[in-house]
Amino acid sequence: MDKGEYNFDKLFEVLSKESWPQVYYFKFIVRADNHLIARVQSLFNSNEANISMRRSAKGNYVTISAKEMMLTAESVVERYKKASEIEGIIAL
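Residues numbered from 1 in each chain as written. Predicted model: local features only at pLDDT ≥ 70, side-chain atom pairs only at ≥ 80, totals over all residues. Heavy atoms only, no water.

**Some thoughts on the sheet that holds strand β4 (residues 90–91)**
Let me state the cut-off plainly: A pair of strands counts as paired when DSSP detects no fewer than two bridges linking them. Think of it this way: any DSSP run of H or I at least four residues long counts as a helix, any run of E at least two long counts as a strand, and we number them from the N terminus. The contact criterion used is simple: two residues touch if any of their non-hydrogen atoms lie within 4.5 Å. Axis lines are fitted to C-alpha atoms, over the contacting stretch for helices. Their N-to-C directions set the angle, which ranges from 0 to 180 degrees.
Pairing within the open sheet is antiparallel, and its four strands lie in the order β2-β3-β1-β4. Bordering the open sheet on either side are β2 (50–55) and β4, each of which pairs with just one other strand. Both strand β1 (residues 22–31) and β4 contribute to a ladder of two bridges, which runs antiparallel. If you follow Ile29 over to β4, its bridge partner there is Ile90. Where helix α2 (residues 34–41) meets the sheet, it contacts β1, β2 and β3 (61–70), and its direction lies at approximately 165° from that of β1.

**Topic: the nonpolar core**
Selection rule: Throughout, nonpolar core names a set of buried Ala, Val, Leu, Ile, Met, Phe, Trp, Tyr and Cys residues whose side chains join them through atoms within 4.5 Å. Type-normalised accessible area, obtained with a 1.4 Å probe on protein chains alone, sets the label of each residue: buried when under 20%, exposed when over 50%, and partly exposed for intermediate values.
The biggest cluster of nonpolar side chains holds 25 residues, and the ones touching the most others in it are Phe28 and Val40. Where this core is concerned, the elements lending two or more residues are α1 (8–15), β1, α2, β3 and α3 (73–83). In terms of residue count, the dominant contributor to this core is α3 (five residues). Those residues within four positions of Phe28 in sequence are excluded, and the remaining contacts are Val40, Leu43, Phe44, Val62, Thr63, Ile64, Tyr80, Ala83, Ile89, Ile90 and Ala91.

**Section: unusual backbone geometry**
In this chain, Trp20 is followed by Pro21 through a cis amide linkage whose omega measures 0°. Along the polypeptide, Pro21 turns up in the loop between α1 and β1.

**A closer look at the environment of Ala83**
Structurally, Ala83 can be placed in helix α3. With 42 residues separating them in the primary sequence, Ala83 and Gln41 have C-alpha atoms 10 Å apart. Among all residues touching Ala83, those that are not within four sequence positions of it are Phe28, Leu43 and Ile89.

This is how it looks when you write it as structure tokens:
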């Protein structure tokens, strides 16, 4: 997820119309590399987030899903900005 490819302002605009706080569902895809998986998992508080992983059919990629209580639209956008620093990540 290249920072230039994702419009964080548009995301904030959409999210700011929602009622906060709320449980937000994040979903990312990364190569099946333990280092990348650990970096994605580190985006979330393991005590507060419900994190699940699923490997692709060929095992080359991993989908990481997380549900976490987010307090504001800004906090969601900040999480996506941090995720954008992870090489090759795809946000769904």
